[in-house]
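Letter by letter, the chains look like this.
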Amino acid sequence: MTDAVELSVVEETRQLAADADRVVVKAGTNSLTDDESNLDDEKLDKLVDDVVDLLEHEKEVVLVSSGAVGAGKGRVGYTDDTIEESQALSTVGQSHLMRRYTESFERYDRKVAQILLTQNDIDNPDRFTNFKNTIETLLEWDIVPIINENDAVATEEIRIGDNDMLSSSVAVGVDSELLVTLTDVGGVYTGNPKEDPDAERIEAVGRNYADVQEIVDDSASATFGGIQTKVAGARSVSEHGIPAVIAKSTEEDVLEKIAGGKAVGTIFVPTNGVIDD
């Protein structure tokens, strides 16, 4: 499986990712909260450190951040047993999340902006144009846009996906040249690494996509099933000529390594002829 994509193609894709001037970074809930659903300051600061590494490489970064529902649970102590409870928790957690992002980016004298989106905003041409214009202006002002699903009015991402598909739509829509999905798992594996100690990381996904999809479907569980939407999101952007990486959020200097063309996580090769696989 690791040899299913030619090494030269993998190296070319890594270089394409390293050369990206505009990057969408998606961070999942587990990359921001602890086991008790409290917002984890150390994890959040580490994410911000990594994003600033990209900014210091003179790259534009759009951050898609999950974690509002999780942060809300830790904040008020209620559960998210129903969609309505999850929506209410997201409103509590979102303000807390943005306060911490603001504080953390201020360590580098960086400013941030909040944008709450639904898939309908992206699908509607007029609303999408307004969204994209806002993104372009914020990036021109050297402000980091932080996007989250507007969970108070939309439920799709609460049910499945945790912003994975939204981040891929954003990456395509804002003409990003790279999508990086940070998670608590170090990429795509031949099995569930949380249960199978013999599971091996798949270095690259390209023409082996069907085999990888079968592995992901077989290995996904209640605790690991989120990898399915991460793979689907990465595949979606690769079909638009954009490389994608799924990597471990806790890996040291993870975004700087990607910017340096190093082997990190699982990389998805563009499938529309940008790279000849």
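Before reading further, recall that the structure is shown in the block above.
The rules behind these values
- Residues numbered from 1 in each chain as written.
- Predicted model: local features only at pLDDT ≥ 70, side-chain atom pairs only at ≥ 80, totals over all residues.
- Heavy atoms only, no water.
- Helix = DSSP H or I, 4+ residues; strand = E, 2+ residues; numbered from the N terminus.
- Rg over C-alpha atoms; globule rule 2.2 N^0.38 Å.
- Buried < 20%, exposed > 50% of the residue type's maximum accessible area, 1.4 Å probe, protein only.
- Contact = heavy atoms within 4.5 Å.
- Areas by Shrake-Rupley, 256 points an atom, 1.4 Å probe, with all protein chains shown as cover.
- Lys, Arg positive; Asp, Glu negative; His and termini not counted.
- Charge placed at Lys NZ, Arg CZ, Asp CG, Glu CD.
- Axes fitted to C-alpha atoms, helices over the stretch in contact; angles between N-to-C directions.
- Parallel < 35°, antiparallel > 145°, perpendicular 65-115°, else oblique.
- Left-handed = near helix turned anticlockwise from the far one by under 90°.
- Expected span 1.5 Å × (residues − 1).
- Pairing = 2+ DSSP bridges.
- Nonpolar A, V, L, I, M, F, W, Y, C, P; charged D, E, K, R; others polar.

With that out of the way, let us pick up the overall build of the protein chain. Helix and strand content of the protein chain: 11 helices and 10 strands. Relative to the 2.2 N^0.38 estimate, which gives 19 Å for 277 residues, the radius of gyration of the protein chain is 18 Å and therefore close to what a compact globule would have. In terms of overall dimensions, the protein chain has C-alpha extents of about 50 × 40 × 35 Å along its principal axes. With 277 residues in all, the protein chain has 53% of them scored as buried. Within the protein chain, counting contacts between residues at least 6 apart in sequence, those at least 24 apart form 75% of the total. As displayed, the protein chain offers around 12300 Å² of accessible surface, 43% of which is attributable to carbon and sulfur atoms. In the protein chain, the 24 positive side-chain charges and the 57 negative ones have mean positions that sit 3 Å from each other.

Summarising the element assignment, A244 is placed in strand 9 (residues 244-248). A residue is classified by how much of its surface remains accessible, and A244, at 0% relative accessible area, is buried. Taking the C-alpha atoms as reference points, A244 and S8, separated by 236 residues in sequence, lie 17 Å from one another. Beyond its immediate sequence surroundings of up to four residues, A244 is in contact with L178, L179, A234, V237, T266, I267 and F268.

This brings us to the packing of helix 2 (residues 41-56) against helix 4 (residues 83-106). Two elements in contact, helix 2 and helix 4, have axes separated by 10 Å at closest approach and are oriented at 55 degrees. Considering their axes alone, helix 2 and helix 4 lie oblique with respect to each other. Taken as a pair, helix 2 and helix 4 cross one another with a handedness that is right-handed. Two secondary-structure elements touch here, helix 2 through D41, L44, D45, L47, V48, V51 and V52 and helix 4 through L97, R100, Y101, S104 and F105.

The subject of this paragraph is helix 10 (residues 226-238). Taking 1.5 Å of rise per residue, the 13 residues of helix 10 would be expected to cover 18 Å, and the 19 Å separating its terminal C-alpha atoms lies within 8% of that figure. Among all positions of helix 10, only I227, T229, K230, V231, G233, A234, R235, V237 and S238 are buried.

Here the focus is the sheet that holds strand 9. The 8 strands lie next to each other as 3-4-2-1-5-9-10-8, forming an open sheet whose pairing is mixed. The open sheet has two free edges, formed respectively by strand 3 (112-117) and strand 8 (204-205), since each of these has just one partner strand. Here strand 5 (residues 178-183) runs beside strand 9; their pairing, made up of 5 bridges, is parallel. Considered in strand 9, the bridge of V180 is made with V245. Here helix 4 sits on the sheet in contact with strand 2 (60-65), strand 3 and strand 4 (144-149), set at roughly 155 degrees to strand 3.

In the contact formed by helix 8 (residues 164-173) and helix 10, the axes pass within 8 Å of each other and the chain directions differ by 15 degrees. As the angle between them shows, helix 8 and helix 10 are arranged roughly parallel. Between helix 8 and helix 10 lies a crossing whose hand is right-handed. Contact residues: helix 8 offers D164, M165, S168, A171 and V172, while helix 10 offers G226, T229, K230, A232, G233, S236 and V237. Of the residues assigned to the contact of helix 8 with helix 10, the class counts are 5 nonpolar, 5 polar and 2 charged.

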